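Understanding the architecture of this molecule
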Amino acid sequence: MMLLKLAQRNIWRNKRRSVIVIVSVAVGITATILTDTLSMGMIFQMFDNQIGSHIAHMQIHRNGFRDNMVVQNFIPDAEIVERAIKEEPSIAVYSRRVVLFGLLSSANTSAGISIIGIEPTQEAKLTKIKSSIVSGSYLTGSPNEIVIGRNLAEKLGVELGDKVVALSATLDGHVGSDVFRIVGVFETFSSEFDKVYAYVPLEGAQKLVGLGNRISEIAILTTDRNTVGMSKEALQDRLGDEYEVLSYVDLIPLILVQIDMYQQSMIVFYAIIGIALILGIVNTMLMSVFERIQEIGVLMAIGLSNAKIFSMILIEALSLGILGTGAGFVAGVLIYLPLASYGIDLSAFSEGLKSFGTGTVIYPVFTATGVLNALFLIPFMTVLGALYPAYRAIRLQPINAIRFV
Amino acid sequence: MEIIKTINLEKTYHDNGVPVHAVRGISMTVHAGDFLVIAGPSGSGKTTLLNLIGALDLPTAGSISFEGEELSSMSRRELSAFRLHKLGFIFQAYNLIPVLTAIENIEFTMMLLGISEEERNERSLNIMEDLRIAELADKRPNEMSGGQQQRVAVARAIVTNPSIVLADEPTANLDTATGSSLLDLMEKMNKERNITFIFSSHDPQVIERGRRLFVLRDGRIEQEVSR
Ligand SMILES: Nc1ncnc2c1ncn2[C@@H]1O[C@H](COP(=O)(O)OP(=O)(O)OP(=O)(O)O)[C@@H](O)[C@H]1O
Ligand SMILES: [Mg+2]
């Protein structure tokens, strides 16, 4: 109790120095909060974009489709799969697709792309293609419509209303071709995506490659992204070996690796902040101990035990750490709130971000773990930084301390 | 009753490699209730001897015992408990805790001893009354004169009812009148509370009042007077 009072008063003896420490702790906390929320925001957006543009939470194919994405690997019995899906309560919506690789040609040039046959209305419930249309319209239902990405349109030198020819290998081993009219152009978060995807109605794709009414993929959204692993297991059990059920974790492993690397690089960043802080505290507390050597000697003389002197110095550092953390937290939240609602427009760096897959406006996201870690770790670090100065203080012989001038 | 006993106490400092024999073989006995002055010229070892008795410094040779218990056998923790429970210090430079007010300085050691708030209040008010410093209660040391600070220091030293108060040149920074009234107070505490006082001083008015007097020269007792 009394140590606390003494420590509180001691830290205000040199106001300037204490304020400097508090401010630097606060800046560290604010920086941590902002980088953490921003990076979590980027990660979430990366996920949402990937999931929302095409991947969805899960996909079902014939077993082996992923290794060899040919039309011959169509889903053997779509009805069985749909029945299984309907019996699985964790599944929110699904959409049937035909996935083709082929060539899309304009009058001038051609490009190798993925042509996805979709059920327009159903697909709009899963992915954002409809809302990403920037000119023209979404697929309206007639089989020979096509929507393509902005970058692809530029590459092919085509515009709305132009006709393009699609070529793809058919079920019986020939090359099928058909003419599609561009009804819409989309622009998603990712310029890469916009270069290689085109969407046509399911029937259009089926006709192109002679699939009849068969499909090659069913995309699924579950009710909760975090339990997708369980839904996957459940479906796989129902469907058996003939089918492969893949979750987004299987489908975009690279992103997970990226996120992992990113988080590790953040640890380095936090470590640097932490070390700078510890060194700052060591320095400050050493100065404050040396300025008070005589007084510490007197405290020893009147019977304050070493343990209490040690704690007094730790409490002083901890108080500075807590004050700084509080100030930094308030500042961080005050900066975070408007950013979270308006986002940070990083279009200056948009090209890089676009291929990174986050979009150009980042909305920071507050996650308990990242921020709480900082809130507890940083005061802890101030105590860590005070250990050596406190040790120096109690190592003094009282008389040498008292005599010290 | 014997309270302090030293046998062939020695303390040698090393000043840049040169040995300085500050105390060379002092054997003395202090009795409970003594009002004892250690006098002697500057550099004769008075402060050193006092610090050894107060366990603020470790002897090079010889022994010191308090109520029969050897100080050299105590751990740092026990020594700090010994100082807390049994000793009171008064320094030439007052050495109050600058961030605490007068009353907080006085209550500080009582808090360390775990004395209840009521009792702390009562004791500190009484002693401040006694030492006529009641009006200083809420002042910080830098708002007080030297004499006032030294009274607070005396209050701090005796409020815990220690066995011994060690006072190193307590009057050196005070004018004669202030010094004299401070000595009156300490004599009163000595009589009323039976607190043993050991002074180091070359102030004649301190030496005059000592009921026992040790005169040091070159780290040895040159003369012992009882009156
Ligand atoms: N820490 C130290 N290091 C080296 N020498 C010291 C130390 N402390 C005291 N001395 C020396 O020991 C001798 C005795 O010093 P001490 O302070 O005990 O004398 P004193 O009688 O109290 O003198 P004064 O009247 O000036 O206070 C002196 O020669 C002094 O220089
Ligand atoms: Mg001296």
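Rules used in this analysis
- Residues numbered from 1 in each chain as written.
- Chains lettered and ligands numbered in written order.
- Predicted model: local features only at pLDDT ≥ 70, side-chain atom pairs only at ≥ 80, totals over all residues.
- Heavy atoms only, no water.
- Helix = DSSP H or I, 4+ residues; strand = E, 2+ residues; numbered from the N terminus.
- Rg over C-alpha atoms; globule rule 2.2 N^0.38 Å.
- Buried < 20%, exposed > 50% of the residue type's maximum accessible area, 1.4 Å probe, protein only.
- Areas by Shrake-Rupley, 256 points an atom, 1.4 Å probe, with all protein chains shown as cover.
- Lys, Arg positive; Asp, Glu negative; His and termini not counted.
- Charge placed at Lys NZ, Arg CZ, Asp CG, Glu CD.
- Phe/Tyr/Trp six-rings, centres within 6.5 Å; stacked < 30°, edge-to-face > 60°.
- Contact = heavy atoms within 4.5 Å.
- Axes fitted to C-alpha atoms, helices over the stretch in contact; angles between N-to-C directions.
- Parallel < 35°, antiparallel > 145°, perpendicular 65-115°, else oblique.
- Left-handed = near helix turned anticlockwise from the far one by under 90°.
- Salt bridge = Lys/Arg side-chain N within 4 Å of Asp/Glu carboxyl O.
- Buried area = accessible area lost by both parts, 1.4 Å probe.
- Polar contact = N/O pair within 3.5 Å; in protein donor to acceptor, adjacent residues only side chain to side chain.
- Nonpolar A, V, L, I, M, F, W, Y, C, P; charged D, E, K, R; others polar.
- Near = heavy atom within 4 Å.
- Domains from an automatic or database assignment.
- Pairing = 2+ DSSP bridges.
- pLDDT = per-residue confidence, 0-100.

1. Some thoughts on the overall build of chain B
When helices and strands are tallied, chain B shows seven helices and 10 strands. At 17 Å, chain B has a C-alpha radius of gyration in line with the 17 Å of a compact globule built from 227 residues. Dimensions along the principal axes, computed over C-alpha positions, put chain B at roughly 45 × 40 × 40 Å. Expressed as a percentage of its 227 residues, the buried residues of chain B come to 57%. Entry remark: accessible area of chain B is about 9600 Å², with carbon and sulfur atoms responsible for 45%. Between the centroid of the 24 positive side chains of chain B and the centroid of its 31 negative side chains there is a distance of 3 Å.

2. A closer look at the packing of aromatic side chains
Residue and element names in this part refer to chain A. Under the defined criterion, the tally for this structure stands at 12 aromatic pairs over all chains. Ring geometry for phenylalanine 186 against tyrosine 199: centres 5.9 Å apart, planes inclined by 65°, an arrangement best described as edge-to-face. Of this pair, phenylalanine 186 sits in strand S7 (residues 175–186) while tyrosine 199 sits in strand S8 (residues 197–201), placing them 13 residues apart in sequence. The residues phenylalanine 186 and tyrosine 199 share a single accessibility class, namely buried.

3. Here we look at helix H2 (residues 76–86) of chain B
All of the buried residues along H2(B) are Leu79(B), Ser80(B), Phe82(B), Arg83(B) and Leu84(B). Residues of H2(B) that are buried in the fold lie against helix H11 (293–301) and helix H15 (398–403) of chain A together with helix H1 (46–53), strand S4 (61–66), strand S6 (87–90) and helix H3 (102–112) of chain B.

4. Here's the deal with the packing of helix H5 (residues 146–158) of chain B against helix H6 (residues 176–193) of chain B
All names here are of chain B. The geometry of H5 relative to H6 is characterised by a closest axis approach of 10 Å and an angle of 10° between their N-to-C directions. As judged from the angle between their axes, H5 and H6 are roughly parallel. Note that H5 runs across H6; the crossing there is right-handed. Of the residues in H6, those in contact with Gly147, Gln150, Arg151, Val154 and Ile158 of H5 are Thr178, Ser181, Leu182, Leu185, Met186, Met189 and Arg193.

5. What to know about the pattern of salt bridges
All names here are of chain A. Under the definition given, this model contains 25 salt bridges over all chains. With its nearest N and O atoms 3.1 Å apart, the salt bridge here joins lysine 207 to aspartate 178. With lysine 207 in helix H7 (residues 202–209) and aspartate 178 in strand S7, this residue pair connects regions lying 29 residues apart in the sequence. Owing to a relative accessible area of 52%, lysine 207 belongs among the exposed residues under this scheme.

6. A word on the interface of chain A and chain B
Accessible area lost upon the coming together of the parts serves often as the stated size of an interface. Taken together, the 26 residues of chain A in the interface contact 26 residues of chain B. At the boundary of chain A with chain B, total buried surface from both sides reaches about 2300 Å², with 62% on carbon and sulfur atoms. Considering only the side of chain A, the residues that lose the most area to chain B are Met2(A), Arg9(A) and Ile302(A), jointly responsible for 27% of the buried surface there. Residue Lys5(A) is joined to Glu104(B) by a salt bridge in which the shortest nitrogen-to-oxygen separation is 3.2 Å. Along the contact surface separating chain A from chain B lie six residue pairs in polar contact (both at pLDDT 80 or more). Looking at which element gives the most residues to the side of chain A that touches chain B, the answer is H11(A), with six residues. For the side of chain A that touches chain B, the per-class residue count stands at 13 nonpolar, six polar and seven charged.

7. So, the site of ligand 1
If you check the shell around ligand 1, you find 14 residues, and the closest are Arg403(A), Ser42(B), Lys46(B), Thr47(B) and Thr48(B). In the model, an oxygen atom of ligand 1 is placed 3.2 Å from a nitrogen or oxygen of the Ser44(B) main chain. Note that an oxygen atom of ligand 1 is positioned 3.0 Å from one of the backbone N or O atoms of Gly45(B). Looking at the shell around ligand 1, the elements with two or more residues in it are strand S2 (18–31) and H1 of chain B. Among the elements that take part in the shell around ligand 1, H1(B) stands out by supplying three residues, more than any other. Residues that form the shell around ligand 1 fall into these classes: four nonpolar, seven polar and three charged.

8. A look at the domain arrangement of chain A
Under the domain assignment used here, chain A contains domain 1 (2–51 + 255–403) and domain 2 (64–240). Each of domain 1 of chain A and domain 2 of chain A was reduced to a C-alpha centroid, and the two centroids are 50 Å apart.

9. Section: the side chain of Arg156(B)
Structurally, Arg156(B) is set in helix H5. Glu295(A) provides the closest opposite charge to the buried, salt-bridge-free Arg156(B), at an N-O distance of 9.0 Å. From its side chain, Arg156(B) meets the backbone oxygen of Asn95(B) in a polar contact 3.0 Å long.

10. Regarding the sheet that holds strand S5 (residues 69–70) of chain B
Residues and elements named next belong to chain B. Strand order in the open sheet formed by four strands is S2-S1-S4-S5, with antiparallel pairing between adjacent strands. Looking at which strands have only one partner, the edges of the open sheet turn out to be S2 and S5. Of the strand pairs in this sheet, strand S1 (residues 2–15) and S2 are connected by 11 bridges, and their pairing is antiparallel. Bridge pairing links aspartate 15 to valine 18 in S2.

11. Some details on the confidence of the model for chain B
Scored by pLDDT, chain B has a mean of 93; 100% of the residues are at 70 or more. This prediction of the complex comes with two scores: 0.79 for pTM and 0.90 for ipTM.

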